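Descriptive structure summary
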Amino acid sequence: MTTMSIDILNNDALRLLHDMEYLRLIRMQTETVENPTNRQSLSKQFAGALHLSAEQYEEFQTALKNSRAEWERDIY
């Protein structure tokens, strides 16, 4: 038996697959895919995950800004 994953681009193709399943040519196993618009944004999902104090947060932000600034420098 060969297992495949396909994306349905047209509802007519889905009807064709159902007909093939009815004729016992294939067996469909549907999986639900989470809609990305329903997911929580990463910023909300990970907000406060580091459990930093205000001082630690400021140090972290400063380190991030410095590391980003280094990418803008010309390295010879």
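So, a few notes on the structure that sits alongside this text. If you're wondering where the values come from, they're calculated on a predicted model, not measured in any experiment.

What follows deals with the overall build of the chain. A count of helical and extended segments in the chain gives 3 helices and 0 strands. The linear arrangement of helices and strands in the chain, starting from the amino end, is α-α-α. Counting the 76 residues in the chain, one finds 1% classified as buried. Total accessible area on the chain stands at roughly 8300 Å², and carbon and sulfur atoms take up 53% of it.

Residues other than glycine seldom take positive phi values, yet R24 does so here, at roughly 60 degrees. Here R24 shows up in the loop between α1 (11-22) and α2 (42-45). You can call R24 exposed: its relative accessible area is 78%. Within the chain, H51 stands out as a residue other than glycine whose phi angle is a positive 55 degrees.

What follows deals with the layout of surface pockets. Size it by volume and the largest pocket reaches roughly 890 Å³. Around the largest pocket, the lining is made up of 19 residues, and of these M4, I6, R27, M28 and Q29 lie nearest the centre. Split by residue class, the lining of the largest pocket holds 10 nonpolar, 6 polar and 3 charged.

On the surface, a nonpolar cluster with roughly 380 Å² of combined accessible area is contributed by M4, I6, I8 and L14. With respect to the element layout, M4 can be found in the segment before α1. Accessibility expressed as a relative area gives 68% for M4, which makes it exposed.

This model, assessed by the stated rule, comprises 1 salt bridge. In this structure, the salt-bridge partner of D12 is R15, at a minimum N-O distance of 2.7 Å. With D12 and R15 both in helix α1 and 3 residues apart, the pair spans about one turn of that helix.

The next thing to look at is α1. Because an α-helix completes one turn every 3.6 residues, residues spaced three or four positions apart along the sequence face the same direction. A rise of 1.5 Å per residue sets the reference length of α1, with its 12 residues, at 16 Å; its end C-alpha atoms lie 17 Å apart and thus fit the reference within 8%. You can read the cap of α1 off the contacts: a side-chain oxygen lies 2.7 Å from the backbone nitrogen of D12, and it is on N10. Phi for R24, located one or two positions after α1, is positive at around 60 degrees.

What counts and what doesn't
- Residues numbered from 1 in each chain as written.
- Predicted model: local features only at pLDDT ≥ 70, side-chain atom pairs only at ≥ 80, totals over all residues.
- Heavy atoms only, no water.
- Helix = DSSP H or I, 4+ residues; strand = E, 2+ residues; numbered from the N terminus.
- Buried < 20%, exposed > 50% of the residue type's maximum accessible area, 1.4 Å probe, protein only.
- Areas by Shrake-Rupley, 256 points an atom, 1.4 Å probe, with all protein chains shown as cover.
- 1 Å grid on protein atoms, 1.4 Å probe; cavity = no way out; pocket = protein on both sides within 12 Å on 5 of 7 lines; lining within 4 Å.
- Points joined across faces, edges and corners; volume = space filled by probe spheres on them.
- Nonpolar A, V, L, I, M, F, W, Y, C, P; charged D, E, K, R; others polar.
- Patch = residues over 30% accessible without salt bridge, like charges linked within 9 Å, V, L, I, M, F, W, Y side chains within 5 Å.
- Salt bridge = Lys/Arg side-chain N within 4 Å of Asp/Glu carboxyl O.
- Expected span 1.5 Å × (residues − 1).
- Polar contact = N/O pair within 3.5 Å; in protein donor to acceptor, adjacent residues only side chain to side chain.

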